[in-house]
Amino acid sequence: MSGAAGGVGGGSEADELQSRLASSNGALQSLLRRLSNGMEDLLPNSHGRARMKELLVMLKNHGDEGSQMEALSELCEVLSMGQEEILIGFSVDSFLPVLVEILNMEHRPEMMLLSCRAITHLLEVMPKAAPKVAASGAVPIFCQRLLTIEFIDVAEQSLLAMHKLSVEHPEPLLRSSGLSAVLTFIDFFD
């Protein structure tokens, strides 16, 4: 009988142990879910990644041109310094379409200039981004900025960007009449 009593008592201990294990397992799974959701914040350079995401959101905010100007200025500063810990969080695929779109904002020459400058800095600090810049549709816009020269600063920055692209990817420049755009104003920019 004492064996049966011990078996019953052991069963309740086993049930209690299994209950604790299930509870611990649930807590562990909950913790793992939280960690995986916020893992990006725990990795090194989380501040740089988070700031890049904020800048991208600000750039996409078409209703607030002040916010866009602030984001463009900061992005130009970050790219010009070329800090690796911040550039790790930089996604060329995310930023480039937005920068090219802003480059087309003829009613905002300051924003066009900063967008063009950001692309130029991008080509300097991340040369592997050149094929993406060439494929993004930026080259015809650079050529247009040279041919129309409504804003001299934008034209000069476009020329710099085209120069950076021409080193590794001259084909898109030739296809977009970049050579004639540059040659037309070679004396002007000399």
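Before reading on, note that the structure itself is shown above.
Rules of the game
Residues numbered from 1 in each chain as written. Predicted model: local features only at pLDDT ≥ 70, side-chain atom pairs only at ≥ 80, totals over all residues. Heavy atoms only, no water. Helix = DSSP H or I, 4+ residues; strand = E, 2+ residues; numbered from the N terminus. Expected span 1.5 Å × (residues − 1). Buried < 20%, exposed > 50% of the residue type's maximum accessible area, 1.4 Å probe, protein only. Salt bridge = Lys/Arg side-chain N within 4 Å of Asp/Glu carboxyl O. Contact = heavy atoms within 4.5 Å.

Caption draft 1: Structural detail: helix α6 (residues 92-103). Over its twelve residues, α6 runs 16 Å from end to end, which matches the ideal 16 Å to within 8%, given 1.5 Å per residue. What α6 keeps buried is the set V92, F95, L96, V98, L99, V100, I102 and L103.

Caption draft 2: Quick peek at the pattern of salt bridges. In total, this model carries seven salt bridges according to the counting rule given. A salt bridge links R51 to E54; the nearest nitrogen and oxygen atoms lie 2.4 Å apart. Of this pair, R51 and E54 both sit in helix α3 (residues 46-60), three residues apart, which is roughly one turn of the helix. A relative accessible area of 19% means that R51 is categorised as buried. Relative accessible area serves as the criterion here: at 41%, E54 is assigned to the partly exposed category. Residue E74 is joined to R51 by a salt bridge in which the shortest nitrogen-to-oxygen separation is 2.5 Å. One end of the pair, E74, is in helix α4 (residues 65-81); the other, R51, is in helix α3, with 23 residues separating them in the sequence. Each member of the salt-bridge network shares a partner with another, and the members are R51, E54 and E74.

Caption draft 3: Summary view of the side chain of Q68. Structurally, Q68 can be placed in helix α4. Setting aside anything within four residues of it in sequence, one finds Q68 in contact with M58, L59, N61, H62, I102, M105 and M111.

Caption draft 4: Seen up close, the side chain of R108. Inspection of the secondary structure puts R108 in the loop between α6 and α7 (109-125). When sequence neighbours within four positions are dropped, the list of residues in contact with R108 reads E65 and M69.

Caption draft 5: How the structure looks around the environment of S176. Tracing the backbone shows S176 in the loop between α11 (170-175) and α12 (178-184). In the structure, S176 is positioned 34 residues away from F142 in sequence and 9.4 Å away in space, judged by C-alpha atoms. For S176, the contacting residues outside a window of four places in its chain are V139, P140 and C143.

Caption draft 6: Representation of helix α9 (residues 138-148). The set of residues buried in α9 consists of A138, V139, I141, F142, C143, R145 and L146. I149 sits one or two positions beyond α9 and adopts a positive phi of about 35 degrees.

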